[in-house]
Amino acid sequence: MRLSVEPAGRTEYGPGVVAELPGFVDSLGHGRVFVVTDRGLRATGIVERVEKILAAAGIEHAVHEDIGPNPSTAELDRGAAALRGFGDSVVLALGGGSALDAAKGISLLAGNPGASAADADRLWDASDGLPLIAVPTTAGTGAETNGFGVTEDVCARRKVYIGHTSVEPRIAVLDPELTLGLPARITAATGLDALVHGIESLASRGSTPFSAAYAAQAVGLVGRWLPVAYRDGGDLQARSELMLGAHLAGHALTLSGLGLVHGIGHALTAHTGTPHGVALAAVLEEVMAFSAPAAAAAYEATARALHVTPAAGWAGAAVLAVREISGAIGIKRPLRELGVTREDIPAIAAAAVADVVTKNAPRLPSEAEVAELLRSVY
């Protein structure tokens, strides 16, 4: 086996570390900041806190708050136009995975005048985007660890991948204080996403010893601390451990890729607008059971990381442990409650099989097999 692993960007982790933002900006050789965040974050006080930190250091900045829960190609194009108007700067991605993903696309598009988000498939060889600092305010996506993001082509009802090595965050600022008091439903959805990142990274065709090390540690941290953070949003230790677990899961998926759970999740979200983590939870255990014949070692590692015993075999133990975690955070719902009709199932199955992440699954499914799986959770 030959492996090539490129070192990731700098990570700053700890309660209160967001106060050091001016120094991080200065280290990148800039004195201006373009903040990209979502429409609802200001209500939490986090945007104002960041603005005050930047203003106190005399750093000129602008805040772009036009990002929705599932950012569209149109939103990225609008953000890029605003960034071009603001001029050369550091892009500060502030928020959950949607804001971080959108910021990468906006940064890349701003560095390529004339390009649009609809050109995503042709932007991997584009000119460099502007340098980026990522400040996640949820513990789930791991979007701060890589240079790619997901956006939605609303007209085509499909997810589009946009990215470039130049927009991998130069610095990831992990401050668990920013996640204190996050609503339980958002804690559940983002945390479940992180758990799936770890499990799918272990099972994926692209798994390596490096990604597996990140993934196993991530599964252990998220599995233990997600239910605690869900029950008590003010538990700083739980928030800290969960944020670290999600970050490690992000490093794992960047190296290994994901699989069928995400393929189905992307298709469900594109068709119904279901929040990403909720879409994943709808099919997680069922996909694990489907994949088990080709993922025995991965699910043994999952079960061991979750500290469960193999009473029904390692794969069965892993599925049972995941089911218990989903139950503890109240996230799993049947497809009919997510707005799916039986008539939608063939199209969702086709989109899931066509999704690039599904090609990385340990057991490659047919459209008929995915449709049958979807009907089982309808």
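Our subject is the structure listed above.
Reading guide: rules and limits
- Residues numbered from 1 in each chain as written.
- Predicted model: local features only at pLDDT ≥ 70, side-chain atom pairs only at ≥ 80, totals over all residues.
- Heavy atoms only, no water.
- Helix = DSSP H or I, 4+ residues; strand = E, 2+ residues; numbered from the N terminus.
- Rg over C-alpha atoms; globule rule 2.2 N^0.38 Å.
- Buried < 20%, exposed > 50% of the residue type's maximum accessible area, 1.4 Å probe, protein only.
- Areas by Shrake-Rupley, 256 points an atom, 1.4 Å probe, with all protein chains shown as cover.
- Lys, Arg positive; Asp, Glu negative; His and termini not counted.
- Charge placed at Lys NZ, Arg CZ, Asp CG, Glu CD.
- Salt bridge = Lys/Arg side-chain N within 4 Å of Asp/Glu carboxyl O.
- Core = buried A, V, L, I, M, F, W, Y, C linked by side-chain atoms within 4.5 Å.
- Contact = heavy atoms within 4.5 Å.
- Axes fitted to C-alpha atoms, helices over the stretch in contact; angles between N-to-C directions.
- Parallel < 35°, antiparallel > 145°, perpendicular 65-115°, else oblique.
- Left-handed = near helix turned anticlockwise from the far one by under 90°.
- Patch = residues over 30% accessible without salt bridge, like charges linked within 9 Å, V, L, I, M, F, W, Y side chains within 5 Å.
- Pairing = 2+ DSSP bridges.
- Phe/Tyr/Trp six-rings, centres within 6.5 Å; stacked < 30°, edge-to-face > 60°.
- Lys NZ or Arg CZ within 6 Å of the ring centre and 35° of its normal.

Novice: What exactly am I supposed to notice about the overall build of the protein chain here?
Specialist: The helix and strand tally for the protein chain stands at 14 helices and eight strands. Over its C-alpha atoms the protein chain spans a radius of gyration of 20 Å, differing by no more than 12% from the 21 Å that the globule rule assigns to 378 residues. In the protein chain, which comprises 378 residues, the share counted as buried stands at 57%. Within the structure as shown, the protein chain displays about 14600 Å² of accessible surface, and the carbon and sulfur contribution to it stands at 53%. Side chains of the protein chain give 29 positive and 40 negative charges; the mean places of these two sets differ by 4 Å.

Novice: Sorry, what's going on with the pattern of salt bridges here?
Specialist: Evaluation of the coordinates by the stated rule reveals 16 salt bridges. In this structure, Glu-286 engages Lys-332 in a salt bridge whose closest nitrogen and oxygen atoms are separated by 3.0 Å. Residue Glu-286 is located in helix 10 (residues 284-291), and its partner Lys-332 is located in the loop between helix 12 (314-328) and helix 13 (345-354); the two are separated by 46 residues in the primary sequence. Glu-286 sits in the partly exposed class, given a relative accessible area of 22%. Notably, a salt bridge pairs Glu-369 with Arg-363, separated by 3.7 Å at the nearest N-O pair. We classify Arg-363 as partly exposed; its relative accessible area is 30%.

Novice: Just to check I follow, could you spell out the nonpolar core for this structure?
Specialist: Buried together is how nonpolar side chains tend to be arranged in soluble globular proteins. In terms of nonpolar packing, the biggest core is built from 73 residues, with Leu-192, Ile-264, Val-283, Tyr-299, Leu-335 and Leu-374 touching the most fellow members. Look past the residues within four positions of Leu-335 in its chain and what remains in contact with it is Leu-268, Ala-282, Val-340, Leu-374, Val-377 and Tyr-378. In terms of nonpolar packing, the next biggest core, distinct from the first, is built from 28 residues, Phe-86, Leu-108, Leu-123 and Val-167 among them.

Novice: In this structure, what is going on with the environment of Ser-326? I would like to understand it.
Specialist: Residue position: Ser-326 is located in helix 12. Expressed as a C-alpha distance, the spacing of Ser-326 and Pro-227, which sit 99 residues apart in the sequence, is 8.9 Å. Those residues in contact with Ser-326 that lie beyond four places of it in its chain are Leu-192, Glu-285 and Ile-331.

Novice: What exactly am I supposed to notice about the packing of helix 13 against helix 14 (residues 367-376) here?
Specialist: Relative orientation and spacing of two packed helices are given, respectively, by the angle between their axes and the distance between those axes. In contact at an axis separation of 8 Å, helix 13 and helix 14 are set at 125° when each is read in the N-to-C sense. It follows from the interaxial angle that helix 13 and helix 14 lie oblique. For the crossing formed where helix 13 meets helix 14, the hand is right-handed. Together, Ile-345, Ile-348, Ala-349, Ala-350, Ala-352 and Val-353 of helix 13 and Glu-367, Val-370, Ala-371, Leu-374 and Arg-375 of helix 14 make up the contact between the two elements.

Novice: Where do I start with a nonpolar patch on the surface in this structure?
Specialist: Taken together, the side chains of Met-1, Leu-3, Val-5, Phe-210, Tyr-214 and Leu-255 present a nonpolar region at the surface, about 580 Å² in accessible area. Position of Leu-3 relative to the elements: it lies in the segment before strand 1 (10-13). For Leu-3, a relative accessible area of 36% translates into the label partly exposed.

Novice: Where do I start with the sheet that holds strand 3 (residues 60-67) in this structure?
Specialist: Within a sheet, neighbouring strands are paired by backbone hydrogen bonds and run either parallel or antiparallel to one another. Strand order in the open sheet made by the six strands is 1-8-5-4-2-3, with parallel pairing throughout. Here the strands that pair on one side only, and so sit at the sheet edges, are strand 1 and strand 3. Taking each pair of neighbouring strands and ignoring which way they run, the sheet shows an average axis angle of 20°. Of the strands in this sheet, strand 2 (32-38), strand 3, strand 4 (90-95) and strand 5 (132-136) touch helix 4 (residues 97-110), which is tilted by about 160° from strand 4. Here helix 7 (residues 236-256) sits on the sheet in contact with strand 1, strand 5 and strand 8 (171-174), set at roughly 170° to strand 1.

Novice: Just to check I follow, could you spell out the environment of Val-219 for this structure?
Specialist: Looking at where Val-219 falls in the secondary structure, it is placed in helix 6 (residues 209-231). Exposure remark for Val-219: the relative accessible area of 0% places this residue in the buried category. When the C-alpha atoms of Val-219 and Ala-301 are compared, they prove to be 9.3 Å apart, with 82 residues separating the residues in sequence. Excluding its chain neighbours within four sequence positions, the residues that come into contact with Val-219 are Leu-195, Gly-198, Ile-199, Leu-202, Thr-302, Ala-305 and Leu-306.

Novice: Would you mind showing me how to read the packing of aromatic side chains here?
Specialist: For any pair of aromatic rings, the description consists of the separation of the ring centres together with the inter-plane angle of the planes. Inspection of the entire model under this criterion finds one aromatic pair. Ring plane angle 40° and centroid distance 5.8 Å describe the contact between Phe-34 and Phe-86, whose orientation is recorded as tilted. On the criterion of sequence distance, the pair formed by Phe-34 in strand 2 and Phe-86 in helix 3 (residues 73-86) is long-range, its members being 52 residues apart. The buried category is assigned to Phe-34, whose relative accessible area is 3%. We note Lys-104 situated over the ring of Phe-148; from NZ or CZ to the ring centre the distance is 5.9 Å.

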